[in-house]
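Read off the chains here:
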Amino acid sequence: MNLLARELPLSKSIQETPIPSKNQDPLIAQNLQKEQYVGIIGLAIALVTAVGFFSRRFEEAIVFALMLSAILIAFVLFI
């Protein structure tokens, strides 16, 4: 019981480490972000083109799904 009533010594203090800002985080490659988006869009276009070469109806379904997804994402983000 005596241990619970004792106070902790004040000589030890807890120090917080500062959180690095987003621009200084070494794990995030911020310079490559635009190139990544261009590459992803290029891959999507190549996929639609390759599928369209084999089946026109399937290509139209993929384009419709991509457009519907983009509209829904924009709708959710801007509301």
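Our subject is the structure that appears above.
Residues numbered from 1 in each chain as written. Predicted model: local features only at pLDDT ≥ 70, side-chain atom pairs only at ≥ 80, totals over all residues. Heavy atoms only, no water.

Here we come to the pattern of salt bridges. Inspection of every chain in the model, using the stated rule, returns 2 salt bridges. E59 serves as the salt-bridge partner of R56, at 3.1 Å between the closest nitrogen and oxygen. Taken together, the positions of R56 and E59, both in helix α3 (residues 56-77) and 3 residues apart, correspond to about one turn of that helix. Overall, R56 belongs to the exposed group, its relative accessible area being 56%. Judged by relative accessible area, which is 16%, E59 ranks as buried. A salt bridge links R56 to E60; the nearest nitrogen and oxygen atoms lie 3.8 Å apart. (Salt bridge = Lys/Arg side-chain N within 4 Å of Asp/Glu carboxyl O. Helix = DSSP H or I, 4+ residues; strand = E, 2+ residues; numbered from the N terminus. Buried < 20%, exposed > 50% of the residue type's maximum accessible area, 1.4 Å probe, protein only.)

Looking at E59, its side chain comes within polar contact range of the side chain of R56, at 3.1 Å. What E59 contacts, discounting residues up to four positions off in sequence, is V48, V51 and G52. (Polar contact = N/O pair within 3.5 Å; in protein donor to acceptor, adjacent residues only side chain to side chain. Contact = heavy atoms within 4.5 Å.)

Relative to the 32 Å expected for 22 residues at 1.5 Å per residue, helix α2 (residues 33-54) spans 32 Å between its end C-alpha atoms, a close match to the ideal helical length. Taken as a whole, α2 has its buried residues at V48, V51 and G52. When α2 is viewed along its axis, its buried side chains cluster within an angular range of 110° and face the same direction. The exposed set on the far side of α2, more than 90 degrees from its buried face, consists of V38, L43, F53 and F54. Those residues of α2 that are buried are in contact with α3. (Expected span 1.5 Å × (residues − 1). Arc of directions from axis to C-beta.)

A word on the packing of aromatic side chains. Two aromatic rings, taken as a pair, are described by how far apart their centres are and by the angle between their planes. In this structure the tally under the stated criterion is 1 aromatic pair. On the numbers, 5.3 Å between centres and 80° between planes, the contact of F53 with F54 is edge-to-face. Overall, F53 belongs to the exposed group, its relative accessible area being 67%. Residue F54 is classed as exposed on the basis of its relative accessible area, which comes to 71%. (Phe/Tyr/Trp six-rings, centres within 6.5 Å; stacked < 30°, edge-to-face > 60°.)

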